[in-house]
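Here's the letter readout for the chains.
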Amino acid sequence: MLASKLDSALFAGQQALTLRAYRQQVLAGNIANADTPHYQARDFDFATTLKDALAGRGEGNLNLVTTSERHFQGTADSGPVRLMYRQTSQASADGNTVDMDVEQANFAENAIFYEAGMSFLSSKVKTLLAALQP
């Protein structure tokens, strides 16, 4: 019972940090491919994705099909979000849509939000631990 209350108290923060970490990977991939011809920059709407994850409507996992009773049941991770292509104001001559100024600004902003989320979650854990002390 105590574990489920702790889990529910920290669930939103954990979901937010997971999505922030994933977005950081997506943005880093965009930056890394800034010079790749025809690369299309990707991103996702963080607020909508977090709302869906908290409501249980996330992309989740796909069940694997088994062809034998000796196969293990498992899941294939379909990714935590649905990535979309970023709309660009001006594509480069080689078809690449990465705008380094936009990507770096989004990367820095996301890193700040991730650190703030870590601080908030850490503070919440300390508060819960203090409440458990006799």
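Anyway, here's the lowdown on the structure attached to this text.

Cut-offs used in this document
- Residues numbered from 1 in each chain as written.
- Predicted model: local features only at pLDDT ≥ 70, side-chain atom pairs only at ≥ 80, totals over all residues.
- Heavy atoms only, no water.
- Helix = DSSP H or I, 4+ residues; strand = E, 2+ residues; numbered from the N terminus.
- Buried < 20%, exposed > 50% of the residue type's maximum accessible area, 1.4 Å probe, protein only.
- Contact = heavy atoms within 4.5 Å.
- Phe/Tyr/Trp six-rings, centres within 6.5 Å; stacked < 30°, edge-to-face > 60°.
- Lys NZ or Arg CZ within 6 Å of the ring centre and 35° of its normal.
- Core = buried A, V, L, I, M, F, W, Y, C linked by side-chain atoms within 4.5 Å.
- Patch = residues over 30% accessible without salt bridge, like charges linked within 9 Å, V, L, I, M, F, W, Y side chains within 5 Å.
- Areas by Shrake-Rupley, 256 points an atom, 1.4 Å probe, with all protein chains shown as cover.
- Salt bridge = Lys/Arg side-chain N within 4 Å of Asp/Glu carboxyl O.
- Polar contact = N/O pair within 3.5 Å; in protein donor to acceptor, adjacent residues only side chain to side chain.

**Brief notes about the overall build of the protein chain**
So, step 1. Across its full length, the protein chain carries three helices and four strands.
So, step 2. Along its sequence from the N terminus, the protein chain presents helices and strands in the succession α-β-α-β-β-β-α.
So, step 3. By residue count, 22% of the 134 residues in the protein chain fall in the buried class.
So, step 4. Of all intrachain contacts in the protein chain linking residues separated by at least 6 positions in sequence, the fraction that spans at least 24 positions is 70%.

**Remarks on the packing of aromatic side chains**
So, step 1. As enumerated under the stated definition, the model contains one aromatic pair in all.
So, step 2. Across from the ring centre of F46, 3.6 Å away, lies the NZ or CZ of R20, which sits over that ring.

**Comments concerning the nonpolar core**
So, step 1. Counting seven residues, the largest nonpolar core is built from A16, L19, F44, F46, L50, A53 and V81.
So, step 2. Elements with a minimum of two residues in this core: helix 1 (2-32) and helix 2 (46-54).

**Side note on a nonpolar patch on the surface**
So, step 1. On the surface, a cluster of nonpolar side chains totalling about 240 Å² of accessible area is made up of V125, L129 and L132.
So, step 2. With respect to the helices and strands, L132 occurs in helix 3 (residues 100-132).

**Observations regarding unusual backbone geometry**
So, step 1. Phi at H38 is positive, roughly 65°, even though this residue is not glycine.
So, step 2. Within the fold, H38 resides in the loop between helix 1 and strand 1 (42-43).
So, step 3. Taking the relative accessible area as the measure of exposure, H38 reaches 60% and is therefore exposed.

**So, the environment of S92**
So, step 1. Topologically, S92 is positioned in the loop between strand 4 (84-85) and helix 3.
So, step 2. Take S92: its relative accessible area is 36%, and that puts it in the partly exposed class.
So, step 3. Put simply, S92 and P37 are 55 residues apart on the chain and 8.9 Å apart in space, counted from C-alpha to C-alpha.
So, step 4. There is a polar contact of 2.4 Å between the side chain of S92 and the side chain of D94.

**Some details on the environment of G29**
So, step 1. For G29, the position within the fold is in helix 1.
So, step 2. As for G29 and E103, which are separated by 74 residues in sequence, their C-alpha atoms are 9.8 Å apart.

**Comments concerning the pattern of salt bridges**
So, step 1. Here the structure, examined in full by the defined rule, presents three salt bridges.
So, step 2. Salt-bridge contacts for R23 lead to D43; the nearest nitrogen and oxygen are separated by 2.9 Å. Of the two residues, R23 is situated in helix 1 and D43 in strand 1; the sequence distance between them amounts to 20 residues.
So, step 3. Looking at D43, the relative accessible area reads 8%, which means it is buried.
So, step 4. One salt-bridge network, held together by shared partners, links R23, D43, R86 and E103.

**Observations concerning the environment of R42**
So, step 1. Considering the arrangement of structural elements, one finds R42 in strand 1.
So, step 2. A relative accessible area of 23% means that R42 is categorised as partly exposed.
So, step 3. C-alpha of R42 to C-alpha of Y85: the two residues are 43 residues apart in sequence and 4.5 Å apart in space.
So, step 4. Ignoring anything within four residues of it in the chain, the contact list for R42 reads V26, N30, L83, M84, Y85 and R86.

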